[in-house]
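If you want the building blocks of each chain, they are given just below.
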Amino acid sequence: MTVTQATPAGTAKKHRGTDHQAALLVQGADATGIVAAVTAVLSRHGANIVSLDQYSDNPQGGAFFQRTVFGLDGLRAALPALRADLEEELVRKYGLACTLRDLSVPKRMAIFASRSDHCLLDLLWRHRQGQLPVGIPMVISNHPDVAEEVRGFGIPFFHVPSMGPDKSAAEAEHLRLLKDNVDFVVLARYMQILSADFIEKVGVPIINIHHSFLPAFIGAGPYAKAKERGVKLVGATAHYVTEDLDEGPIIEQDVVRVTHADTAADLTRRGADVERAVLSRAVLWHAEDRVIRNGNHTIVFA
């Protein structure tokens, strides 16, 4: 393993409007009075609701989901008491699951990459422009090709080779680097399959991006195969990683139309454009706590 590090490391820029603001996510069985209970708790603590989005898949006993953003002066000092109140009112009385996060503290995002750099560089550029409210403590790649580009963004770069069927040594090094340092991982066209053991041990969400030809054009050269079949749509899918390869809960998707006149190179270029856009939206929504997982699908308050 080799490391190239530049300083300062990838810290998030300050985002307007996040000081003294928190996001509250609530999910569970739908019942009368949940919204009133949430607003009552926040009101008791002097919080001002900035936005409130909710969804029920069936008001008659279905599943309920809610995202609330609120402002509160002295938020950090008030969080313990607020959490205790929410625990009593929402968890114990309604059996709901709740998460509460200070939005002024950005999530830490590690990026895994290989030789294809379009998604990686797009995320780094958006981060530098202040468009992604995250910190980036590291980029990890199984190839050294992107080291100089990453270093130019002031992000620590780690080269961890991963070759052959046995990737246990590489994954052990990944776990060592990630331990207690990240809140989620993004696979920015990382062309390696993660083992079920790694997914379990890493203990944080993992977001992947891939073209939407799966499973029709699996393997190498998907755009050339798509050209041969005369496809009319090129798309991309961003999803959470599970043990089932490329079948995790979908966060975002998009497509663009193509024609018979587009070459395989044209399809590849347009596919890369869609992948960048889809992945950046998925990362942004996850970073802002806009995504709630429910089984094998998601509720996205975009």
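These figures come from a predicted structure and were not determined experimentally. (Residues numbered from 1 in each chain as written. Predicted model: local features only at pLDDT ≥ 70, side-chain atom pairs only at ≥ 80, totals over all residues. Heavy atoms only, no water.)

A. Up close: the overall build of the chain. Along the backbone of the chain there are eight helices and 14 strands. Taking 2.2 N^0.38 as the reference for a compact globule, 302 residues should give roughly 19 Å; the C-alpha atoms of the chain span a radius of gyration of 21 Å, in line with that estimate. Across its three principal axes, the chain shows a C-alpha extent of roughly 60 × 45 × 35 Å. Each of the 302 residues in the chain was classed as buried or not, and the buried ones make up 47%. In the chain, once contacts between residues fewer than 6 apart in sequence are set aside, the share between residues at least 24 apart is 68%. Carbon and sulfur atoms make up 52% of the accessible area of the chain, which totals about 14500 Å². With 32 positive and 35 negative side-chain charges, the chain shows a separation of 4 Å between the mean positions of the two kinds. (Helix = DSSP H or I, 4+ residues; strand = E, 2+ residues; numbered from the N terminus. Rg over C-alpha atoms; globule rule 2.2 N^0.38 Å. Buried < 20%, exposed > 50% of the residue type's maximum accessible area, 1.4 Å probe, protein only. Contact = heavy atoms within 4.5 Å. Areas by Shrake-Rupley, 256 points an atom, 1.4 Å probe, with all protein chains shown as cover. Lys, Arg positive; Asp, Glu negative; His and termini not counted. Charge placed at Lys NZ, Arg CZ, Asp CG, Glu CD.)

B. Summary view of the pairing of strand β9 (residues 184-188). Extensive coverage of β9 is indicated by the burial of five of its five residues. Burial of the side chains of β9 extends over both faces: Phe184, Val186 and Ala188 are buried on one face and Val185 and Leu187 on the other. Alignment of strand β6 (residues 107-113) against β9, held across five bridges, turns out to be parallel. In the strand pairing of β9, isoleucine 111 is matched with valine 186. Strand direction decides the pairing type here: β9 and strand β10 (residues 206-211), joined by three bridges, are parallel. Counterpart to leucine 187 in the pairing with β10 is asparagine 208. Handedness of the crossover joining β9 and β10 through helix α6 (residues 196-202): right-handed. (Pairing = 2+ DSSP bridges. Right-handed = clockwise from strand over helix to strand, strands pointing away.)

C. Structural context of the packing of helix α7 (residues 222-229) against helix α8 (residues 264-287). The N-to-C vectors of α7 and α8 enclose an angle of 120°; their axes lie 9 Å apart at closest approach. Relative to α8, the element α7 lies oblique. Crossing of α7 against α8: the hand is right-handed. The residues of α8 that touch α7, namely those facing Tyr223, Ala224, Ala226 and Lys227, are Ala264, Leu267, Thr268, Gly271, Ala272 and Glu275. (Axes fitted to C-alpha atoms, helices over the stretch in contact; angles between N-to-C directions. Parallel < 35°, antiparallel > 145°, perpendicular 65-115°, else oblique. Left-handed = near helix turned anticlockwise from the far one by under 90°.)

D. Looking closely at the sheet that holds strand β4 (residues 63-71). Within the open sheet, the four strands sit side by side as β3-β4-β2-β5. Their pairing is antiparallel. Edge positions in the sheet fall to β3 (48-56) and β5 (97-102), since each of these pairs with one other strand and no more. Going across the sheet, the axis of each strand differs from the next one's by a mean of 10°, ignoring polarity. Pairing of strand β2 (residues 21-29) with β4 involves nine bridges; the strand directions are antiparallel. Residue pairing for β4: alanine 22 is matched across the bridge by phenylalanine 70. Sheet strands in contact with helix α1 (residues 34-44) are β2, β3 and β4, and its direction is about 20° off that of β4. Those strands touched by helix α2 (residues 75-94) are β2, β4 and β5, and its axis lies near 170° from that of β5.

E. Spotlight on unusual backbone geometry. Despite not being glycine, aspartate 180 has its phi angle at roughly 65°, a positive value. Along the polypeptide, aspartate 180 turns up in the loop between α5 (168-178) and β9. Located in the positive-phi region is aspartate 289, a residue other than glycine, with phi close to 55°. Aspartate 289 sits in the buried class, given a relative accessible area of 10%.

F. Looking closely at the side chain of histidine 286. As for its placement among the helices and strands, histidine 286 is situated in helix α8. Ignoring any residue separated from it by four or fewer positions in sequence, one finds histidine 286 in contact with Lys107, Phe184, Pro205, Ile207, Tyr240 and Val291.

G. Up close: the packing of aromatic side chains. Under the definition given, this model contains three aromatic pairs. Where tyrosine 55 meets phenylalanine 65, the ring centres are 6.2 Å apart and the plane angle is 15°; that geometry is what we call stacked. With a gap of ten residues between them, tyrosine 55 in strand β3 and phenylalanine 65 in strand β4 connect regions that are remote in the sequence. A relative accessible area of 2% means that phenylalanine 65 is categorised as buried. On the basis of an interplanar angle of 50° and a centroid distance of 6.5 Å, the ring pair of phenylalanine 112 and phenylalanine 198 is categorised as tilted. (Phe/Tyr/Trp six-rings, centres within 6.5 Å; stacked < 30°, edge-to-face > 60°.)

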